[in-house]
Amino acid sequence: MEQTLFTLQVYTENIAGILNQITAVFTRRQINIESLNVSPSSIKGVHKYTITAYSDEEMMKKVVKQIEKKIDVVKAHFYTNADLFLVEVALFKLATDVVVKNPAVSHAIRHAKARFTEVNETFCVVVSQGKTDDIVALFHELHKTPGCVLQFTRSGRIAVTRSCQEEVSKFLDERGEEIE
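Here is what the cut-offs are and how they apply
- Residues numbered from 1 in each chain as written.
- Predicted model: local features only at pLDDT ≥ 70, side-chain atom pairs only at ≥ 80, totals over all residues.
- Heavy atoms only, no water.
- Phe/Tyr/Trp six-rings, centres within 6.5 Å; stacked < 30°, edge-to-face > 60°.
- Helix = DSSP H or I, 4+ residues; strand = E, 2+ residues; numbered from the N terminus.
- Axes fitted to C-alpha atoms, helices over the stretch in contact; angles between N-to-C directions.
- Parallel < 35°, antiparallel > 145°, perpendicular 65-115°, else oblique.
- Contact = heavy atoms within 4.5 Å.
- Nonpolar A, V, L, I, M, F, W, Y, C, P; charged D, E, K, R; others polar.
- Salt bridge = Lys/Arg side-chain N within 4 Å of Asp/Glu carboxyl O.
- Buried < 20%, exposed > 50% of the residue type's maximum accessible area, 1.4 Å probe, protein only.
- Pairing = 2+ DSSP bridges.

Asks: So what's going on with the packing of aromatic side chains? Residues and values would help.
Replies: Summed over the entire model, instances satisfying the criterion amount to three aromatic pairs. Aromatic side chains Phe 6 and Phe 78 sit 5.4 Å apart centroid to centroid with 85° between the ring planes, which places their arrangement in the edge-to-face category. Note that Phe 6 is positioned in strand E1 (residues 4-13) and Phe 78 in strand E4 (residues 73-79), a separation of 72 residues in sequence. Arranged with centres 4.7 Å apart and planes meeting at 40°, the rings of Phe 139 and Phe 152 form a pair that is tilted. On the criterion of sequence distance, the pair formed by Phe 139 in helix H5 (residues 132-143) and Phe 152 in strand E8 (residues 149-154) is long-range, its members being 13 residues apart.

Asks: Quick one: what's the story with the packing of helix H4 (residues 103-111) against H5, residue by residue and with numbers?
Replies: Remark: H4 packs on H5, axes separated minimally by 10 Å, with the N-to-C direction vectors making an angle of 175°. Of the possible angle classes, the one that applies to H4 and H5 is roughly antiparallel. Within the contact between the two elements, H4 uses Val 105, Ala 108 and Ile 109 and H5 uses Leu 138, Glu 141 and Leu 142. Classifying every residue of the contact of H4 with H5 by side-chain character gives five nonpolar, no polar and one charged.

Asks: Let's hear about the pattern of salt bridges: which residues, and what values?
Replies: Counted under the stated rule, the structure contains five salt bridges. Residues Glu 58 and Lys 61 are paired through a salt bridge, measuring 3.5 Å at the closest nitrogen-oxygen approach. Taken as a pair, Glu 58 and Lys 61 lie in helix H2 (residues 57-68) at a separation of three residues, close to a single helical turn. Classification of Glu 58 by relative accessible area gives partly exposed; the value is 48%.

Asks: I'd like a rundown of the environment of Glu 141, residues and numbers included.
Replies: In this fold, Glu 141 is placed in helix H5. In this structure Glu 141 comes out as partly exposed when scored by relative accessible area, which is 37%. In sequence terms Glu 141 and Leu 94 are 47 residues apart; their C-alpha atoms lie 13 Å from each other.

Asks: An account of the pairing of E1 is requested, with residue identities and associated values reported.
Replies: If a strand is regular, its side chains alternate between the two faces of the sheet. For E1, a buried count of eight out of ten residues is recorded, marking the element as mostly surrounded by other parts of the structure. Two elements, E1 and strand E3 (residues 46-55), share ten bridges in a ladder whose sense is antiparallel. When the bridges of E3 are listed, Leu 8 appears paired with Ile 51. As paired strands, E1 and E4 are joined by six bridges and run antiparallel to one another. Bridge pairing in E4 places Thr 7 opposite Tyr 79.

Asks: Can you break down the pairing of strand E6 (residues 115-119) residue by residue, with the values?
Replies: The pairing of E6 with strand E7 (residues 123-130) spans four bridges and is antiparallel. When the sheet's bridge partners are listed, Val 119 is paired in E7 with Cys 124. Hairpin connection, E6 to E7: the antiparallel pair is bridged by three residues.

In structure tokens:
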């Protein structure tokens, strides 16, 4: 069966324990969460969960239905990459002496449109933002130089829909609720 990377956007009230309830839906269906980002949304008192997972469309429909059954969930919807503007952020801690001795490292950073945010005699920190594939490609390029990458981390995906209005906004409009 064809597995696609889907991005779910889930809007919930800001209640303790709701993250556990949402992730339990994935666990019961044996779906691994690839990334998870949680933050306040543009609606007062509502949090936005951006979750990525590989599955098929039928399973995603079931997952969204199960999540929406949770009492504190306002709305949930799933998307493919084509439906979204998305970005991730990565931090690379690199050995300063290796960066200075290897012009290829600086070239790879410039080519990826990443930027230095901290430089000292021991290490430098590089920030990169973009699509997952671009960030992973930069990691692999930097990792080719022995001793270069000291630490690496990347955020979960953040995304907005390509439509003018988000699904949760349409939903709240239909219910006659106000968005702040």
